[in-house]
Amino acid sequence: MATKELTAYPLYEGTFSVGLDKKFNRINRDDPPAKGALKISLNPFLIQSGDKNILFDVGIGDFGEDTSTDIIKENLDEIGLTEYDITDIFASHLHYDHIGGLAGRSSGYWELTFPDANVWVSKKGWEKVMAQEEYYDEEKTAFTHFLDAKANLQFLDEKDQPYPEVTVKKIGGHTEFSQVLLFDDDSHKYMMAGDVLATRGEVNRKFAAKYDFDADQSMKVRQELTEKAYEEGYTVMGYHDSHHPLFNLTDYDEQQGYKIESVV
Ligand SMILES: [Zn+2]
């Protein structure tokens with residue numbers, strides 16, 4: 001059978017109601033968020049290619065309600081992997097619901113969740129985090145300093161291609177140094193743009209997001225990326241989508257916009 005084997009998996013961590021206090025309160029996948037709050041699901045993505053097991057973002061880890069780095073380990077276990085099998089982690093941007101899973105302290109002290117992985121981050125983005133007096137709060141500041149000292153951090157330039165199959169470009173918008181992560185190994189193509197294109201619902205919607213560093217830039221890049229995904233056949237990875245985080249744009253109509261088809 002000529003079916004393409006699946007090489008990418010969303011590692012669903014949960015769905016949360018996130019209000020002005022930025023706390024991630026767990027809700028059911030189908031529930032609405034609290035009044036005035038945003039509904040945010042978290043899907044780190046695993047891509048298997050050759051001898052690499054790559055993650056695009058790693059979830060919130062210990063920093064949400066009822067969350068821990070055990071969730072991503074359990075999700076990997078279902079695919080037959082352990083945390084030691086992860087070779088590379090790419091971060092779309094450095095908000096804690098995207099990189100929180102890099103380290104946990106369930107044992108009482110900080111430990112790397114994926115001890116053998118290279119952790120690829122925007123060089124300027126990381127410098128900005130480290131230059132801040134505080135990253136959200138005291139605990140998360142300790143988390144970033146632990147990563148700075150102990151993780152196998154690898155720094156990415158504004159346009160970079162650390163492996164033949166992975167290309168990273170600075171897009172800004174959501175944060176000053178947000179990146180789009182592109183994977184292409186000749187048989188599979190994936191695009192992950194963090195919060196610039198985070199759900200299926202954002203594909204055909206023009207909107208300026210209050211939570212963005214530069215909402216106009218996000219709007220512009222969102223449109224460019226959907227065009228690119230459609231024309232070049234990238235499967236989009238929607239990190240915050242609640243039900244179908246992997247999808248393809250299969251058709252375009254001036255009135256209706258893109259036709260979206262879920263992958264599994
Ligand atoms: Zn996000």
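Counting starts from 1 at the beginning of each chain's written sequence and moves along it residue by residue. Given that this is a predicted model, residues contribute local features only at a pLDDT of at least 70 and side-chain atom pairs are listed and counted only at 80 or more, while totals for whole chains, interfaces and linings are drawn from all residues. Values reported for side chains reflect all heavy atoms of the structure, with hydrogen atoms and water molecules removed beforehand.

**Some points on the coordination of the zinc ion**
Then, number 1: At 2.0 to 2.3 Å from the zinc ion lie its protein donor atoms, namely H98 (NE2), D195 (OD), D195 (OD) and H240 (NE2).
Then, number 2: Note: metal donors comprise N, O and S atoms at 2.8 Å or less from the metal (3.2 Å for Na, K and Ca); water molecules are not included, so apparent gaps in a site are possible. Coordination of the zinc ion draws on donor residues from a single chain, spaced H-x96-D-x44-H in sequence. Within this pair, whereas H98 is found in helix α2 (residues 96-99), its partner H240 is found in the loop between β16 (235-237) and β17 (246-253), the two being separated by 142 residues in sequence. Here the two residues H98 and H240 agree in accessibility, since each one is buried. Numbering of helices and strands runs from the N terminus, with a helix taken as a DSSP run of H or I at least four residues long and a strand as a DSSP run of E at least two residues long. Burial here depends on accessible area, computed with a 1.4 Å probe over protein chains only, as a share of the maximum for the residue type. Under 20% is buried, over 50% is exposed, and the range in between is partly exposed.

**Overview of helix α3 (residues 123-131)**
Then, number 1: Buried within α3 are the following residues: G125, W126 and V129. Considered in projection along α3, the buried side chains sweep an arc of 95° and stay on one side of the axis.
Then, number 2: The contact criterion used is simple: two residues touch if any of their non-hydrogen atoms lie within 4.5 Å. Contact partners of the buried residues in α3: α2, β10 (118-122), α4 (138-150) and β11 (152-156). Arc definition: directions from the helix axis to the C-beta atoms.

**Structural notes on a negative patch on the surface**
Then, number 1: On the surface, D70, E74, D77 and E78 cluster together to form a negatively charged patch.
Then, number 2: Within the secondary structure, E78 sits in helix α1 (residues 70-78).
Then, number 3: Residue classification places E78 among the exposed residues on the basis of a relative accessible area of 69%. To count toward a patch, a residue needs a relative accessible area above 30% and no salt bridge. Like charges then connect within 9 Å, nonpolar side chains (Val, Leu, Ile, Met, Phe, Trp, Tyr) within 5 Å. With residues, only the protein chains shown are counted as cover, and all accessible areas are computed by Shrake-Rupley using a 1.4 Å probe. By convention in these notes, a salt bridge is any Lys or Arg side-chain nitrogen within 4 Å of a carboxyl oxygen on Asp or Glu. Here the positive residues are Lys and Arg and the negative ones are Asp and Glu; neither His nor the chain ends is included. By convention, the point assigned to a charge is CZ for Arg, NZ for Lys, CD for Glu and CG for Asp.

**Here's the deal with the pairing of strand β6 (residues 52-56)**
Then, number 1: Most of β6 sits out of view: five of its five residues are buried.
Then, number 2: Covered by surrounding structure in β6 are K52, I54 and F56 together with N53 and L55, the residues of both alternating faces.
Then, number 3: The criterion for strand pairing is that DSSP finds at least two bridges linking the strands in question. Judged from the five bridges that link them, strand β5 (residues 45-49) and β6 form a sheet pairing that is antiparallel. Note on β6: the bridge partner recorded for S49 is K52.
Then, number 4: Hairpin connection between β5 and β6: a loop of two residues separates the two successive antiparallel strands, and G50 in this loop has a positive phi of roughly 55°.
Then, number 5: For crossovers, right-handed means that the path from the first strand over the helix to the second runs clockwise, given strands pointing away from the viewer. In this fold, β6 hands off to α1, which returns the chain to strand β7 (residues 88-90); that crossover is right-handed.

**Some points on the sheet that holds strand β2 (residues 14-18)**
Then, number 1: Ordered by their spatial adjacency, three strands build an open sheet running β3-β2-β4, and the pairing between neighbours is antiparallel. Of all strands in the sheet, those bounded by a partner on one side alone are β3 (24-27) and β4 (38-42). On average, adjacent strands in this sheet sit at an angle of 40° to one another, irrespective of strand direction.
Then, number 2: Where β2 meets β3, four bridges bridge the pair, whose relative direction is antiparallel. Counterpart to T15 in the pairing with β3 is I27. A fitted line through C-alpha atoms serves as each axis, taken over the contacting stretch for helices, and the angle formed by two N-to-C directions is quoted from 0 to 180°.

**Here we look at the UniProt feature "domain: Metallo-beta-lactamase" (unreviewed entry) in the protein**
Then, number 1: UniProt positions are given in the numbering used here, feature names are shortened, and annotations may be inferred rather than shown by experiment. Here the UniProt feature "domain: Metallo-beta-lactamase" (unreviewed entry) sits at residues 41-240.
Then, number 2: The span residues 41-240 shows a helical share of 26% and a strand share of 26%, and its end C-alpha atoms are spaced 5 Å apart.

**Some points on the packing of α3 against α4**
Then, number 1: The contact between α3 and α4 brings their axes to 10 Å, and the two run at 130°. In terms of orientation, α3 lies oblique with respect to α4. Every pair of crossing elements has a handedness; the one defined by α3 and α4 is left-handed. Residue-level contacts link W126, V129 and M130 of α3 to T144, H145, L147 and D148 of α4.
Then, number 2: When residue character is reported, Ala, Val, Leu, Ile, Met, Phe, Trp, Tyr, Cys and Pro are called nonpolar, Asp, Glu, Lys and Arg charged, and the others, Gly included, polar. Here the contact of α3 with α4 is built from residues that sort into four nonpolar, two polar and one charged. Reported orientations rely on four angle classes, namely roughly parallel under 35 degrees, roughly antiparallel over 145, roughly perpendicular from 65 to 115, and oblique for the rest. Helix crossings get a hand from a simple test, with the near helix turned counterclockwise from the far one by less than a right angle marking a left-handed crossing and a clockwise turn marking a right-handed one.

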